[in-house]
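Given next are the chains, with one letter for each unit.
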Amino acid sequence: MSQIWVKVSVYSLLAVFTALAAIWLRAFIPSNLEAELGADAVETVLSILATSMLTVATFSLGIMANAISGAADGATPRATALLLEDGVSQNALATFLGAFSFSLVGIIALQIGIYEQGGRIILLAVTIGVIILIYVAFIRWVNLLRSFGRIPDTLNRIEKSAETALRHRLDHPFLDCHPLDPSDDVDSDMIPLHAGQVGFVQHIDTAELQKCAEALDLEIRVARIPGQFASASRPLAYIQAKAAEPDKEARRKLSACFSLGAERTIKQDPQFGMIMLSETAARALSSGINDPGTAIDVLRRALRLLLCWENRPTPNVVHDRIWVPGLKPEGFLRDLIRPIARDGAAMVEVHHVLQSVLHDLAQSRPDVFGNAAQAQSREALERAEAHLTLQSEKDEIRAIARKVMRSEVEYKAPATL
């Protein structure tokens, strides 16, 4: 939504430049051309645009608000940010509001006599261009409204955003820094770097952090990667000073390289996508909705998403003074599987697909998901045996779980992922 005001301002500036162009060019326009083309009608057209565009913009905002509210109720409130970032809806609202602004400025310019002696021809030409933009934006907006905010549309947005974030993180598994095993002990001479506020790490500017480390002659072990919570007892990083310890101002600059917020964002945090998917499935499995089909759809989307995760050679280190932990496949599967297995514990069809997804992951990516898939399979099987009533259903799920356990596993430490 932050881009809307920019586009509206562009339309307002267009109206101003149109008036200036009319002043400069009207001397070159034949006096009889204005009457022949019916340029006097431009004031009526602008009046219609000014009246209708404000109404359409208000109506569109109402539709968008209802769609976002529906997505929050039907999927997860965490997905509303993805709907707000939709380019088609932003462009439509900006076009409607911008056309209103353009019309208003044009009417004012007409009333004070700027568009005289052929200047209306220029205003008419630009107005026709604006009408074409309105038509295109309106058609795209109507086409979007067929699915905007519905469950499939919301899941598509979550899946696409999570895949983009995951692929980017796999290309830069340690944010172009040294790999760090989070299980390693912190040296006693390391200095904790605390954030100025409490919240989730949303982004790390490793390039700026490297510059600060070089200027201060430091080595930095990042403790909280994007998606993790930072507080007084959870420092952002640990600093090892080779010379003098950083002072208060230096620590402030270092902590400013970590962007914190009250909510998680998906750009550098693909695991957040797993949470949004599982929350959507858990809501569908609630007693008030009872929609196992959506939960099954979520599991298959997650499988498609996670199969792009492959172990790759460790890339070259760009920021040689920083160490960063890698992603953990255990965390991805835990955030995805556990809520679905819990809320769908009494549904054999959900367990069947859940165990099948774990089997596919363990078979296709044993070096990444082998151990994690087997751990989640065991836990989900315990829930199934505790809640399924028919022995035949239990035997069915046990048979698939045994396939997961027999999957060949070549486990590698998370730090190499």
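Residues numbered from 1 in each chain as written. Predicted model: local features only at pLDDT ≥ 70, side-chain atom pairs only at ≥ 80, totals over all residues. Heavy atoms only, no water.

Undergrad: So what about the overall build of the protein chain? Which residues, and what values?
TA: Helix and strand counts for the protein chain stand at 15 helices and eight strands. For 417 residues, the compact-globule estimate of 2.2 N^0.38 gives 22 Å, and the C-alpha radius of gyration of the protein chain, at 29 Å, exceeds that figure by more than 25%. Principal-axis analysis of the C-alpha atoms gives the protein chain an extent of 85 × 65 × 35 Å. In the structure as shown, the protein chain presents an accessible area of about 20000 Å², 56% of it carried by carbon and sulfur atoms. Treating the 41 positive side-chain charges of the protein chain as one cloud and the 47 negative ones as another, the clouds have centres 2 Å apart. (Helix = DSSP H or I, 4+ residues; strand = E, 2+ residues; numbered from the N terminus. Rg over C-alpha atoms; globule rule 2.2 N^0.38 Å. Areas by Shrake-Rupley, 256 points an atom, 1.4 Å probe, with all protein chains shown as cover. Lys, Arg positive; Asp, Glu negative; His and termini not counted. Charge placed at Lys NZ, Arg CZ, Asp CG, Glu CD.)

Undergrad: Run through the confidence of the model for the protein chain, naming residues and quoting values.
TA: Detailed reading of predicted coordinates is not advised where the pLDDT is low. Scored by pLDDT, the protein chain has a mean of 89; 92% of the residues are at 70 or more. The least confident element of the protein chain is helix H2 (residues 33–36), whose mean pLDDT is 53; the most confident is helix H11 (residues 292–306), at 97. Contacts of residues 410–417 to residues separated by more than four positions or lying in other chains number 24 contacts, the stretch itself having pLDDT below 50. (pLDDT = per-residue confidence, 0-100. Contact = heavy atoms within 4.5 Å.)

Undergrad: Outline the side chain of Gln 271, listing residues and values.
TA: Structurally, the position occupied by Gln 271 is in helix H10 (residues 271–284). Among the residues examined, Gln 271 registers a relative accessible area of 16% and is labelled buried. Those residues in contact with Gln 271 that sit more than four places away from it in its chain are Arg 264, Gly 331, Phe 332, Arg 334 and Asp 335. (Buried < 20%, exposed > 50% of the residue type's maximum accessible area, 1.4 Å probe, protein only.)

Undergrad: Requested: an account of a negative patch on the surface, with residues and values cited.
TA: Taken together, Asp 184, Asp 185, Asp 187 and Asp 189 make up a surface patch of like negative charges. Asp 185 sits in the exposed class, given a relative accessible area of 72%. (Patch = residues over 30% accessible without salt bridge, like charges linked within 9 Å, V, L, I, M, F, W, Y side chains within 5 Å. Salt bridge = Lys/Arg side-chain N within 4 Å of Asp/Glu carboxyl O.)

Undergrad: Please give an account of the side chain of Arg 169 that cites residues and values.
TA: As for its position among the elements, Arg 169 is in helix H7 (residues 151–171). Asp 269 is the oppositely charged side chain nearest to the buried, salt-bridge-free Arg 169, at an N-O distance of 6.8 Å. Here the side chain of Arg 169 touches Pro 325 through a polar contact of 3.3 Å, landing on its backbone oxygen. Not counting residues within four places of it along the chain, the set of residues in contact with Arg 169 comprises Leu 175, Ile 225, Gln 268, Pro 270, Val 324, Pro 325, Gly 326 and Leu 327. (Polar contact = N/O pair within 3.5 Å; in protein donor to acceptor, adjacent residues only side chain to side chain.)

Undergrad: Would you mind going over the environment of Arg 252 in detail, with residue names and values included?
TA: Locating Arg 252 in the fold gives a position in helix H9 (residues 248–255). Taking the C-alpha atoms as reference, Arg 252 lies 7.9 Å from Gly 196; in sequence the two are 56 residues apart. Reaching out from Arg 252, the side chain makes a polar contact with the side chain of Glu 249 at a distance of 2.6 Å.

Undergrad: Break down the packing of H11 against helix H12 (residues 329–343) for me, citing the residues and quoting the values.
TA: As a packed pair, H11 and H12 sit with axes 12 Å apart at the nearest point and diverge in direction by 170°. Classified by the angle between their axes, H11 and H12 sit roughly antiparallel to one another. Here H11 contributes Val 298, Leu 299, Ala 302 and Leu 306 to the contact with H12, which in turn contributes Phe 332, Leu 333, Leu 336, Ile 337 and Ile 340. (Axes fitted to C-alpha atoms, helices over the stretch in contact; angles between N-to-C directions. Parallel < 35°, antiparallel > 145°, perpendicular 65-115°, else oblique.)

Undergrad: I'd like a rundown of H12, residues and numbers included.
TA: The end-to-end C-alpha distance of H12 is 22 Å, a good match for the 21 Å that 15 residues give at a rise of 1.5 Å each. Considering bend angle alone, the principal kink of H12 is centred on Ile 337 and spans about 25°; proline Pro 339 follows within four residues of it. Among the residues of H12, those classed as buried are Pro 329, Gly 331, Phe 332, Leu 333, Asp 335, Leu 336, Ile 337, Pro 339, Ile 340 and Ala 341. Next to the buried residues of H12 lie H7, H10, H11, helix H13 (348–364) and helix H14 (366–387). (Expected span 1.5 Å × (residues − 1). Bend = angle between axes of the 7 residues up to and from the residue.)

Undergrad: Describe in detail the nonpolar core, supporting the description with residues and values.
TA: Judged by nonpolar contacts, the single largest core of 46 residues is most densely connected at Leu 306, Trp 309 and Ile 340. Secondary structure elements with two or more residues in this core: H7, H10, H11, H12, H13 and H14. Ranked by residues supplied to this core, first place goes to H11 with eight residues. (Core = buried A, V, L, I, M, F, W, Y, C linked by side-chain atoms within 4.5 Å.)

Undergrad: An account of H7 is requested, with residue identities and associated values reported.
TA: Turn by turn, an α-helix covers 3.6 residues, leaving residues three or four places apart pointing in a common direction. Under the 1.5 Å per step criterion, the end-to-end length of H7 is 30 Å for 21 residues, consistent within 8% with the ideal 30 Å. Buried within H7 are the following residues: Asp 153, Thr 154, Leu 155, Arg 157, Ile 158, Glu 159, Ala 162, Ala 165, Leu 166, Arg 169 and Leu 170.

Undergrad: Let's hear about the packing of aromatic side chains: which residues, and what values?
TA: Here the structure, examined in full by the defined rule, presents five aromatic pairs. Here Phe 96 and Phe 138 contribute two aromatic rings whose centre-to-centre distance is 6.4 Å and whose plane-to-plane angle is 55°, an arrangement assigned as tilted. On the criterion of sequence distance, the pair formed by Phe 96 in helix H5 (residues 87–111) and Phe 138 in helix H6 (residues 119–145) is long-range, its members being 42 residues apart. An aromatic cluster of at least three residues, connected via ring pairs, comprises Trp 309, Phe 332 and Phe 369. (Phe/Tyr/Trp six-rings, centres within 6.5 Å; stacked < 30°, edge-to-face > 60°.)

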